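Residue-level listing of the chains:
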Amino acid sequence: MCGIVGYVGSRNAFPVLTGGLRRLEYRGYDSAGVALAAAGGLAVLRAVGAVANLDAMAGEAPAATSGIAHTRWATHGKPSVANAHPHRDCRGGIAVVHNGIIENHAALRDWLTSRGHRFTSETDTEVIAHALEEFSGGAFEGTLEKATEVLRGDYAIAVVTDQAPGVVFAARAGHPPLLVGLGEGECFLASDVLALAPHTRDIVAVESGEIAVLTRAGAEVTRGGERVQRAPIQVPWTPADAERNGHATFMHKEIHEQPSAIRRTLGAWPDGGAAVPEARWRGLRRLVCIACGTSHHASLVGRWYAERLARLPVVVDVSSEFLFREPLLGPDDLVVVVSQSGETADTLAALQLARAQGAQTLAVCNVPGSSMTREADGVLMTATGPEIGVASTKAFTAQLVVLLRLAVEAGRARGVLAAADAEAALRELATMPALMERLLREEDRYAGLAGRLDGVRDFFYIGRGLYYPIALEGALKLKEIAYVRAEAFPGGELKHGPLALVDDQTVTVALAPAGPTHSRMLATIQEVRARGGRVVALGSEGDDALAPLADVTLEAPAASDSVMPALLSIPLQLLAYHIAVRRGCNVDRPRNLAKSVTVE
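Residues numbered from 1 in each chain as written. Predicted model: local features only at pLDDT ≥ 70, side-chain atom pairs only at ≥ 80, totals over all residues. Heavy atoms only, no water.

Colleague: Which residues make up the packing of helix H10 (residues 293-309) against helix H17 (residues 467-482), and what values go with them?
Modeller: It is the contact of H10 with H17, at a shortest axis distance of 8 Å, that shows an interaxial angle of 165 degrees. Put simply, H10 runs roughly antiparallel to H17. Considering only the axes of H10 and H17, their crossing is left-handed. Contact residues: H10 offers Gly293, Thr294, His297, Leu300 and Val301, while H17 offers Pro469, Ile470, Leu472, Glu473, Leu476 and Lys477. (Axes fitted to C-alpha atoms, helices over the stretch in contact; angles between N-to-C directions. Helix = DSSP H or I, 4+ residues; strand = E, 2+ residues; numbered from the N terminus. Parallel < 35°, antiparallel > 145°, perpendicular 65-115°, else oblique. Left-handed = near helix turned anticlockwise from the far one by under 90°. Contact = heavy atoms within 4.5 Å.)

Colleague: Tell me about empty space enclosed by the protein, and name the residues and values.
Modeller: Empty space among the atoms can be located by rolling a probe the size of a water molecule over them. In total, this model carries five cavities of 30 Å³ or more according to the counting rule given. In this structure, the largest cavity occupies an estimated 100 Å³ of space. Looking at the largest cavity, it is lined by 15 residues, and the ones nearest its centre are Cys2, Trp73, Thr75, His98 and Gly100. The set of elements that each furnish at least two residues to the lining of the largest cavity consists of strand S4 (64-72) and strand S6 (94-102). When residues in the lining of the largest cavity are grouped by element, the largest group, three residues, is from S6. Here the lining of the largest cavity is composed, by residue class, of four nonpolar, nine polar and two charged. (1 Å grid on protein atoms, 1.4 Å probe; cavity = no way out; pocket = protein on both sides within 12 Å on 5 of 7 lines; lining within 4 Å. Points joined across faces, edges and corners; volume = space filled by probe spheres on them. Nonpolar A, V, L, I, M, F, W, Y, C, P; charged D, E, K, R; others polar.)

Colleague: Describe H17, naming the residues involved and giving the relevant values.
Modeller: Its 16 residues give H17 an end-to-end C-alpha distance of 22 Å, which sits within 8% of 22 Å, the value for a rise of 1.5 Å per residue. For H17, the buried fraction is high: 13 of the 16 residues fall into the buried class. Where H17 ends, the next residue or the one after it, Tyr483, has phi of about 60 degrees, a positive value. (Expected span 1.5 Å × (residues − 1). Buried < 20%, exposed > 50% of the residue type's maximum accessible area, 1.4 Å probe, protein only.)

Colleague: Outline the layout of surface pockets, supporting the account with residue identities and numerical values.
Modeller: By volume, the second largest pocket is sized at about 370 Å³. Contributing to the lining of the second largest pocket are 14 residues, with Arg22, Glu25, Arg244, Phe250 and Arg589 lying nearest its centre. Mapped onto the domain boundaries, the lining of the second largest pocket takes at least three residues apiece from domain 1 (3-235) and domain 2 (243-417). (Domains from an automatic or database assignment.)

Colleague: Describe unusual backbone geometry, with residues and values.
Modeller: Residue His85 is joined to Pro86 through a cis peptide bond whose omega torsion reads 0 degrees. Mapped onto the secondary structure, Pro86 falls in the loop between S4 and strand S5 (87-88). Backbone geometry places Asn245, a non-glycine residue, at a positive phi of 55 degrees. With respect to the secondary-structure elements, Asn245 resides in the loop between strand S15 (233-234) and helix H7 (250-256).

Colleague: Residues and numbers for the sheet that holds S6, please.
Modeller: What the seven strands build is an open sheet, ordered S5-S6-S7-S8-S12-S13-S14; its pairing is antiparallel. The open sheet has two free edges, formed respectively by S5 and strand S14 (226-228), since each of these has just one partner strand. The pairing of strand S13 (residues 218-223) with S14 spans three bridges and is antiparallel. Looking across to S14, one finds that Arg223 is bridged to Glu226. (Pairing = 2+ DSSP bridges.)

Colleague: I'd love a proper account of the environment of Val228, names of residues and values included.
Modeller: Here Val228 is to be found in strand S14. For Val228 and Gly116, which are 112 residues apart along the polypeptide, the C-alpha to C-alpha distance reads 37 Å. Leave out the neighbours within four places in its chain, and Val228 touches Glu210, Val221, Thr222 and Arg223.

Here it is as structure tokens:
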């Protein structure tokens, strides 16, 4: 989950490197550091906390036109200067930054210590620097190859050495992403396209098992000593996409970008209107949706869409659990992996397992050129632009749109959805951005409600059918950014245990829009009120039956079950956001979390 940046060129490297780190800070913000290849040797600067603390050390940075940098999400060793990257060898002539986990670091540390190496940190990363020192001699590319042969785990690393000034070396094994950006007379390295967007749109991915050597003249990628020829990917994002543009936080900006994100996502559907060939849809046994976190919640909604509109059996699994239950897959299964980043380690491993078992695969992803877009058989993009806030908002609602659109396509191809019904669903999808804009204009109401909920420590979120996954997502948002206990349950499950926890100190957020589950949700709300619980109800506009049962009623524009899940997501996002802001929480960088989970 850490962020890596590298630079070789003619510019002053320090501001280029720290500028890249600021765009990767969502990946980790425990500490940050740089290694600069200066005239007098390598200079390393490190600071605990945000990248701004490293920026404050600019006066100590020597002139240099190449270097590497890192922002850390701690895995081995607490956040401290000693544990911050870059790490060096005993001589101080090699510096390494690393994203991932070295699984055999303890054994390597013992062996290297027996060989006379001295360690100064608790991290697994430091063994890489000492392994490079141990195998040094001859061309440094050979040294790097020898060192990677003894490393076990998933990692992306970048290295500078005083043996090769003006060169950045990199290597990747497993899932952590590593991208090269090609400029004019300069070359860049990063964990994410966001860090590269201000400088270039020409990106080359470094794949697992490859080594990259960056110079001002360009980059050479090799595998087993053989050069790899790979055409650059053109990334459409611009530097402005990674700015707050007048909003107080990235999360606030991204909540408000949802209408435009949905319009772009609808416009990005494949030419010809088909994501999967019609014959393939007819021959499928089932869909298998695999995802983590927010993307898993979107997949749960997608299951309802596909089973209802396409009459296609759907299995939804959490990526990390899917990997360990010996799943049975075959060529008549379509495995849909859903991920904002396209780099989520567990989901990527699940994709690779599905392909190994012969299943067809489709990635729903937001980041062009990410690992999942390169490895899946087919790709559907959520064209939201970069999502920088750790808590996902616009990517979630865009995923709902893609999964609904996919279900409509499947229903038509399988002959179970009438043309008129498909056209009606697509027309309603087209109205979603305008309905979202109506909800966003009522933000002050959610901010005021957040004030009324000051001090509440326990929330329940309940929903039925399509709205249970939305309840899960609402509870997750509150936990992620406000650090408040929030649990979600299907409405019918309260009486099977959770109702014992309801009292006058709890608040139940009940999703009760018009539809087939409406009357039963009203009955559940009455059960909560009978036990003294307070209720915040989200329903459809003009619902006269709901308001008398709740302490607070929030309304969404009347819409069908196809569109309402995305609409109800916006009040839940805004409520969590304003509760977090009132509590003084950093909504863009919540504690202990990172945006892209690239280690298992």
